[in-house]
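What follows is each chain in one-letter form.
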Amino acid sequence: MNSYKLTVRRSFRRRRMNLTMATYPRDGVLATAQNTETEYEIRSMVFDKLPHLPYNFHSRQATTDDQRSYFSLKSIMSALMEEEPMTNPVKVCDLVLRDGHQSLLATRMRTADMLPIAEKLDRVGYWAVEMWGGATFDSAMRFLDEDPWERLRLLRQAMPNTPFMMLLRGQNVVGYRHYPDDVVERFIVRARANGMDIFRIFDALNDVRNIAWAMQVARREGAHVQPAICYTIGPPYSIDYFVNLARQMADIGADSICIKDMAGLITPYAAYELVRRLKAEIGLPVHFHSHTTSGMATAALLKAVEAGADIVDTVISSLSLGPSHSPTESVVAMLQGTAWDTGLDLNLLAEIAEYFAQVRRKYARFESGFLGVDVGVLQYQVPGGMLSNLVSQLRSQKAEDKYPEVLAEVPRVRAELGYPPLVTPSSQIVGTQATLNVVLGERYKIVPEEVKNYVRGLYGRPPAPIDPAIQRLIIGDEKPIDCRPADLLPPGMPKAWEEIGSLARSEEDVISYALFPQIAAPFLERRARGSDGKDPIAAAIAGMLLHRLEEQTQTEPPTPPAPAVSPWKTTWRPASGRWTGILEGAGGLR
């Protein structure tokens with residue numbers, strides 16, 4: 001292609017002009033485009049470089065009467081590109097091995113149900129498969145009696161050709177509180193050594209200070225570093241806010257930027273504008289992620305693609321929709337034959353979907369019940385997973401009739417606490433306080449320690465100032481910190497090595513203990529007794545019960561079970577007369 005044609009194409013693509021049909025009126029003046037400066041540039045390039053075209057830019061005259069009638073600037077651009085059609089194949093990242101079952105099945109899918117389909121997943125040609133992080137780490141040890149590190153190693157062996165991606169909660173790693181820098185570093189180093197390729201790193205408050213160290217370590221280890229913007233709505237948030245946030249991320253070493261819409265709040269046209277601005281002003285690849293809770297995610301995904309998104313998150317259809325994500329096959333089919341054609345094989349995807357449809361039946365009892373479109377997320381900005389957690393909390397207190405009041409209380413608490421995005425752990429902080437305010441009949445009568453620490457600044461800097469009256473009510477005259485919270489933490493690995501002792505067979509075991517001591521220690525003790533972490537009798541009983549359950553699912557339609565328990569489920573203990581927050585557990589919100 002001639003150099004001037006390449007220049008024209010790049011300018012045209014970069015500016016994303018909405019060119020209108022332009023006619024040659026009798027005075028020979030070409031109708032204007034939307035932007036005078038852009039029109040002048042493109043006119044200059046087109047008409048000065050291509051003298052054979054039926055228009056003289058300097059004299060503004062068409063060369064013949066026939067050519068004077070109708071001619072469009074857009075048509076000229078199309079003609080320039082006929083020799084080499086512009087294509088931008090969209091890359092697909094499938095979330096079936098992590099966010100798909102975390103969103104729908106309380107993160108209960110076992111490694112044994114992932115390995116049989118691994119070979120086919122490896123043949124698809126995904127940009128990546130997300131298979132680790134989020135709530136999968138503690139859930140594996142707590143509920144499945146599995147070593148999460150072993151899952152990573154086994155899947156890496158079974159899928160040698162596909163990059164793996166994990167979700168890393170910044171300084172929270174895969175937990176619900178901040179960890180020292182040495183714990184963050186060793187986790188990333190060992191994750192990379194065991195086969196992780198891409199680290200998607202976010203902070204619940206969009207505080208870039210809380211992701212900078214993780215990004216630095218991941219980059220040093222040769223991984224792809226993808227910081228994520230936690231997308232939400234409210235007074236502090238705008239397109240400018242998110243673009244400025246992405247600029248900070250780019251400045252500290254991002255390889256790509258993820259738009260992470262945890263609650264399905266992004267509208268199609270907001271997605272288009274945000275992606276357009278990121279591509280034009282930041283210049284890094286953009287990865288689009290949204291949940292289908294509100295019903296807008298697939299439309300938003302398509303508009304993001306039109307605006308230039310390079311990668312999109314989907315999940316195989318049998319684990320899609322509801323609080324999960326857009327179905328992979330549908331997105332692939334919608335883009336076929338376009339400039340964004342993914343090139344993925346729908347027949348192979350159909351085989352994978354059929355496999356996971358059968359697997360899903362085994363975990364029916366963990367289904368949340370929120371499987372359709374939930375417009376409540378648009379009204380209250382509450383993610384679908386958080387809705388199920390609220391129901392679980394209220395059900396445990398026999399206060400399900402308070403559900404509408406709690407929903408209305410969540411936005412009030414969120415506003416008073418500085419409009420944090422509702423994602424782990426801020427979603428649990430806000431949801432727990434809202435539930436307490438309603439059930440106890442008095443706002444902030446009881447404040448969990450996690451909420452106090454949030455107000456103290458120990459989770460980072462809120463996006464907006466905390467209501468001064470609420471701050472005084474919660475921590476009195478105590479002054480919040482203004483430094484990076486992890487700067488106050490002593491190293492954690494030496495203590496973990498000392499405490500876990502001979503139970504650890506590797507550094508990975510020590511890291512697991514440093515992150516979740518109350519979960520990892522019993523798991524490692526069970527492993528030391530034999531059966532690779534499983535008590536032999538308990539394992540036999542569990543196997544028998546699972547077999548019976550599978551037989552039942554073959555003959556009886558699954559009934560909607562109770563919603564999954566929140567990792568921060570609050571429980572009333574009459575003997576102590578207070579609420580207790582359980583921080584570590586399954587489920588959770590991204």
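**Student:** Please clarify how the overall build of the protein chain should be interpreted in this entry.
**Tutor:** Per the secondary structure count, the protein chain includes 25 helices and 12 strands. Going through the 590 residues of the protein chain one by one, you find that 57% of them count as buried. Counted over contacts in the protein chain with a minimum sequence separation of 6, partners at least 24 positions apart contribute 75%. Looking at the protein chain as shown, the accessible area adds up to about 24200 Å², and 52% of this sits on carbon and sulfur atoms.

**Student:** Can you walk me through the pattern of salt bridges in this structure?
**Tutor:** It is possible for side chains bearing opposite charge to pair when their charged atoms get close. Under the defined criterion, the tally for this structure stands at 35 salt bridges. Between Arg-276 and Glu-273 there is a salt bridge, with the nearest N and O atoms lying 2.7 Å from each other. Linking Arg-276 with Glu-273, this pair stays in helix α12 (residues 268-281), spanning three residues, or about one helical turn. A salt bridge links Lys-402 to Glu-405, with the nearest nitrogen and oxygen atoms 4.0 Å apart. With relative accessibility at 27%, the residue Lys-402 sits in the partly exposed group. Each member of the salt-bridge network shares a partner with another, and the members are Asp-240, Arg-247, Arg-277 and Glu-281.

**Student:** Would you explain the packing of helix α18 (residues 403-416) against helix α19 (residues 426-439) in this entry?
**Tutor:** The relative placement of two packed helices is expressed as an angle between their axes plus a distance between the axes. In contact at an axis separation of 8 Å, α18 and α19 are set at 125 degrees when each is read in the N-to-C sense. Classed by the angle they form, the pair α18 and α19 counts as oblique. Here the hand of the crossing between α18 and α19 comes out right-handed. On α19, the residues that touch Glu-405, Val-406, Glu-409, Val-410, Val-413 and Arg-414 of α18 are Val-430, Gln-433, Ala-434, Thr-435, Asn-437 and Val-438. Counted by class, the contact of α18 with α19 contains six nonpolar, three polar and three charged residues.

**Student:** Could you clarify how one ought to interpret helix α23 (residues 507-515) in this entry?
**Tutor:** Quick reminder: α-helices carry 3.6 residues per turn. Residues three or four places apart thus point the same way. Counting buried positions along α23 gives nine out of nine residues, so the element sits mostly inside the fold. When α23 is considered as a whole, its buried residues turn out to be Glu-507, Glu-508, Asp-509, Val-510, Ile-511, Ser-512, Tyr-513, Ala-514 and Leu-515. Turning to α23, the residues buried within the fold contact α7 (136-143), α8 (148-158), α9 (181-193), α22 (493-500) and α24 (517-529).

**Student:** Would you mind going over a nonpolar patch on the surface with me for this structure?
**Tutor:** On the surface, Val-373, Val-375 and Leu-378 cluster together to form a nonpolar patch covering roughly 280 Å² of accessible area. With respect to the helices and strands, the residue Val-373 is situated in the loop between α15 (346-362) and α16 (376-380). Judged by its relative accessible area of 58%, Val-373 is exposed.

**Student:** Could you clarify how one ought to interpret the environment of Pro-411 in this entry?
**Tutor:** Considering the arrangement of structural elements, one finds Pro-411 in helix α18. Taking the C-alpha atoms as reference, Pro-411 lies 8.5 Å from Val-382; in sequence the two are 29 residues apart.

**Student:** It is not clear to me how the nonpolar core should be interpreted in this structure. Could you clarify?
**Tutor:** The tendency in soluble globular proteins is for nonpolar side chains to be buried as a group. Ranked by size, the top nonpolar core spans 112 residues in total, and within it Tyr-126, Trp-132, Phe-187, Phe-356 and Leu-515 carry the most contacts. Grouped together as the second largest cluster of nonpolar side chains are 26 residues, Leu-394, Leu-407, Ile-466 and Ile-470 included.

**Student:** It is not clear to me how the sheet that holds strand β8 (residues 257-261) should be interpreted in this structure. Could you clarify?
**Tutor:** Each strand in a sheet pairs with its neighbour through backbone hydrogen bonds, running either in the same direction (parallel) or in the opposite one (antiparallel). Ordered in space as β3-β4-β5-β6-β7-β8-β9-β10, the eight strands form a closed barrel in which the pairing is parallel. Averaged over all pairs of adjacent strands, the angle between strand axes in this sheet comes to 25 degrees, irrespective of strand direction. Alignment of strand β6 (residues 198-201) against strand β7 (residues 224-230), held across four bridges, turns out to be parallel. When the bridges of β7 are listed, Arg-200 appears paired with Gln-226.

**Student:** How should the packing of helix α11 (residues 239-251) against α12 be read in this particular structure?
**Tutor:** Contact pair α11 / α12: the axes reach a minimum separation of 10 Å and the direction vectors enclose 35 degrees. α11 and α12 meet at a crossing whose hand is right-handed. Two secondary-structure elements touch here, α11 through Ile-239, Asp-240, Phe-242, Val-243, Ala-246 and Arg-247 and α12 through Ala-270, Glu-273, Leu-274, Arg-277, Leu-278 and Glu-281.

**Student:** Would you explain the side chain of Ser-294 in this entry?
**Tutor:** The topology assignment puts Ser-294 in the loop between β9 (286-290) and α13 (297-306). In this structure the side chain of Ser-294 is engaged in a polar contact, spanning 2.5 Å, whose partner is the backbone oxygen of Gly-264. A polar atom in the side chain of Ser-294 sits 3.4 Å from the backbone nitrogen of Met-296. In this structure Ser-294 touches Gly-264, Val-373, Asp-374, Val-377 and Leu-378, once residues within four positions along its chain are discounted.

**Student:** Help me understand α9 in this model?
**Tutor:** Here α9 contains 13 residues, and its C-alpha end-to-end distance of 18 Å stays within 8% of the 18 Å for a straight helix at 1.5 Å per residue. Buried within α9 we find Asp-182, Val-183, Val-184, Phe-187, Ile-188, Val-189 and Ala-191. The first or second residue beyond α9 is Gly-195, which carries a positive phi of 125 degrees.

**Student:** Explanation requested: the confidence of the model for the protein chain in the structure shown.
**Tutor:** Fine structural detail should not be taken from predicted coordinates in areas where pLDDT scores are low. For the protein chain, per-residue confidence averages 82 on the pLDDT scale, and 74% of positions sit at 70 or higher. Confidence drops under a pLDDT of 50 for residues 1-40, and excluding neighbours within four residues, the segment shows 78 contacts in the predicted structure. Confidence drops under pLDDT 50 across residues 553-589; counting only partners more than four residues distant or on other chains, this segment forms 109 contacts.

**Student:** Could you clarify how one ought to interpret the pairing of β9 in this entry?
**Tutor:** The two faces of a sheet get side chains in turn, since along a regular strand they alternate between them. Within β9, five of the five residues are buried, which leaves the element mostly enclosed by the surrounding structure. Covered by surrounding structure in β9 are Val-286, Phe-288 and Ser-290 together with His-287 and His-289, the residues of both alternating faces. Pairing of β8 with β9, which is carried by five bridges, proceeds in the parallel orientation. Within β9, the residue paired with Cys-258 across the bridge is His-287. For the handedness criterion, the β-α-β arrangement of β8, α12 and β9 is classed as right-handed. In the sheet, β9 pairs with strand β10 (residues 311-314) via two bridges, with the strands oriented parallel. For His-287, the partnering residue across the bridge sits in β10 and is Ile-311. Taking the sense of rotation as the criterion, the β-α-β connection linking β9, α13 and β10 turns out right-handed.

Conventions and cut-offs
Residues numbered from 1 in each chain as written. Predicted model: local features only at pLDDT ≥ 70, side-chain atom pairs only at ≥ 80, totals over all residues. Heavy atoms only, no water. Helix = DSSP H or I, 4+ residues; strand = E, 2+ residues; numbered from the N terminus. Buried < 20%, exposed > 50% of the residue type's maximum accessible area, 1.4 Å probe, protein only. Contact = heavy atoms within 4.5 Å. Areas by Shrake-Rupley, 256 points an atom, 1.4 Å probe, with all protein chains shown as cover. Salt bridge = Lys/Arg side-chain N within 4 Å of Asp/Glu carboxyl O. Axes fitted to C-alpha atoms, helices over the stretch in contact; angles between N-to-C directions. Parallel < 35°, antiparallel > 145°, perpendicular 65-115°, else oblique. Left-handed = near helix turned anticlockwise from the far one by under 90°. Nonpolar A, V, L, I, M, F, W, Y, C, P; charged D, E, K, R; others polar. Patch = residues over 30% accessible without salt bridge, like charges linked within 9 Å, V, L, I, M, F, W, Y side chains within 5 Å. Core = buried A, V, L, I, M, F, W, Y, C linked by side-chain atoms within 4.5 Å. Pairing = 2+ DSSP bridges. Polar contact = N/O pair within 3.5 Å; in protein donor to acceptor, adjacent residues only side chain to side chain. Expected span 1.5 Å × (residues − 1). pLDDT = per-residue confidence, 0-100. Right-handed = clockwise from strand over helix to strand, strands pointing away.

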